[in-house]
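# Examining the three-dimensional arrangement
The primary structure of each chain is shown beneath.
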Amino acid sequence: MALVAISACSGGFRLEKFGSDTDALYTAGVSELGLKHWGNAISAFEKLTTDLPARDTLLPRAQFNLGKARTGSQEHLLAAQAYTKFSDTYPEDSLADDALFESARAYQKLWRSAELDSQYGVTSQATFRTLVAVYPDSPQRKEAERQLLALDEMFATKEYLAGYYYFRRKAYDPAVLYFKTVVNTYPTSAKARDAYLRMIESYRAIRYAEEASETCTAVRQRFAADAEVQKLCPTTAPKDSTAAVPTVAAPAPVKKP
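Here goes a summary of the coordinates provided. (Residues numbered from 1 in each chain as written. Predicted model: local features only at pLDDT ≥ 70, side-chain atom pairs only at ≥ 80, totals over all residues. Heavy atoms only, no water.)

## Thoughts on the packing of aromatic side chains
The condition that has to hold: Note on aromatic contacts: the rings of Phe and Tyr and the six-membered ring of Trp form a pair at centre separations within 6.5 Å, being stacked when their planes are under 30 degrees apart, edge-to-face when over 60 apart, and tilted otherwise. Numbering of helices and strands runs from the N terminus; a helix is a DSSP stretch of H or I covering at least four residues, while a strand is a stretch of E covering at least two.
Inspection of the entire model under this criterion finds 17 aromatic pairs. Residues Phe86 and Tyr90 carry aromatic rings whose centres are separated by 5.3 Å and whose planes lie at 55 degrees to one another, so their mutual orientation is tilted. Ring centres of Phe167 and Phe179 lie 6.3 Å apart, and the angle between their planes is 65 degrees; this geometry places the pair in the edge-to-face category. Here the residue Phe167 occupies a position in helix α8 (residues 141-168), and Phe179 occupies one in helix α9 (residues 172-185), the gap between them amounting to 12 residues. Ring pairs connect the aromatic residues Tyr160, Tyr164, Phe167, Tyr172 and Phe179, which therefore count as one cluster.

Okay, here's the thing in structure tokens:
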């Protein structure tokens, strides 16, 4: 037992010892995967995806397990690519929906913050949607839909932060465009209420009384019990005036030379 343990710790897995015995290599790869020896598993399954003939029944499983090993190694982009190759090559396989789900999750993990570029978030969203559309009876569908909602929250936050960037700099016109995207595209998101409020403050700052009044009506309908909404848009007050909100000063006039 001691000799076995020493052999394992010293890296008993040697790719070259399997030669052309793909069955043995696959078995060893699965074993290394189970032991969380990610590098060994990746080596085994990468070689198998290269060496196995196209019609070999081990090839799809080797491709899927390559994705699992990449995931375990935190190589999310390579994992996503491995899973995508599986779903594209074997769309009728029983694991095709699982591969799409894992690919989407891998891309989702690459978009770590709403403040970062959303390229991977967009790809994750598209992949989850493909799963739901192509495999509507998949056991993964419910979780895929839940993750789509989570992505919507991140997209809403990204749009809101972009709008708030302009809002703080008193560039109210572009700020309003971003806030409108939040309330129109992501109306159930956590940032929808904040986007409404900042939009009203923006309209009042640039003296768009009618737009401010209409937005107040909309936000009262959706968030009637919210204290900040009641304060900014009181139902007992007359129609929204053009006065600026105390927390948002109107732009100072430019003095002519």
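## Looking at unusual backbone geometry
Threshold: The classification of residues rests on relative accessible area computed with a 1.4 Å probe and restricted to protein chains. Under 20% of the type maximum is buried, over 50% is exposed, and intermediate values are partly exposed.
Although it is not a glycine, Gln74 sits at a positive phi angle of roughly 65 degrees. Relative to the assigned elements, Gln74 resides in the loop between α4 (58-72) and α5 (76-89). The backbone phi angle of Lys170 is positive, close to 60 degrees, even though this residue is not glycine. Mapped onto the fold, Lys170 is located in the loop between α8 and α9. Relative accessible area serves as the criterion here: at 44%, Lys170 is assigned to the partly exposed category.

## Regarding empty space enclosed by the protein
This is how it is decided: Note on definitions: the grid is 1 Å and covers protein atoms alone; a cavity is a set of points where a 1.4 Å probe fits but cannot get out; a pocket is an open set with protein on both sides within 12 Å along at least five of seven lines; lining residues have an atom within 4 Å of a point. Grid points are joined across faces, edges and corners, and a volume is the space filled by probe spheres set on the points. We call Asp, Glu, Lys and Arg charged. Ala, Val, Leu, Ile, Met, Phe, Trp, Tyr, Cys and Pro are nonpolar, and the rest, Gly among them, are polar.
The tally for this structure, following the rule as stated, stands at one cavity of 30 Å³ or more. Around the largest cavity, the lining residues are Gly19, Ser20, Asp21, Thr22, Leu25, Lys47 and Asp51. For the lining of the largest cavity, the elements supplying multiple residues, two or more each, are α2 (22-34) and α3 (38-51). Of the residues assigned to the lining of the largest cavity, the class counts are one nonpolar, three polar and three charged.

## Some remarks on the packing of α8 against helix α10 (residues 192-205)
Test applied: Axis definition: a line fitted to C-alpha atoms, limited for helices to the stretch in contact. Angles are taken between N-to-C directions and run from 0 to 180 degrees. Note on angle classes: values under 35 degrees are labelled roughly parallel, values over 145 roughly antiparallel, values of 65 to 115 roughly perpendicular, and the remainder oblique. Whether a crossing is left-handed or right-handed is set by the direction in which the near helix is turned from the far one by less than a right angle, anticlockwise for left-handed and clockwise for right-handed. Whether two residues are in contact is decided by their heavy atoms: any pair within 4.5 Å suffices.
At their nearest, the axes of α8 and α10 sit 11 Å apart, and the two run at 25 degrees to each other. Taken as axis vectors, α8 and α10 run roughly parallel relative to one another. Both α8 and α10 take part in a crossing whose hand is left-handed. Together, Tyr160, Tyr164 and Phe167 of α8 and Asp194, Ala195, Arg198, Glu201 and Ser202 of α10 make up the contact between the two elements.

## Focus on α9
Each turn of an α-helix holds 3.6 residues, which means side chains three or four residues apart point in the same direction. Worth spelling out the cut-off: Expected span of a helix: the number of residues minus one, times 1.5 Å. It is the directions from the helix axis to the C-beta atoms whose arc is reported.
With 14 residues, α9 ought to run about 20 Å at 1.5 Å a step, and its terminal C-alpha atoms sit 20 Å apart, in line with that. Along α9, the positions that sit buried rather than exposed are Tyr172, Ala175, Val176, Phe179, Val182 and Val183. Each buried residue of α9 lies within a common arc of 120 degrees when the element is viewed along its axis, so the set occupies one face. Residues of α9 that are exposed and angled more than 90 degrees away from the buried face: Leu177 and Asn184. Residues of α9 that are buried in the fold lie against α8 and α10.

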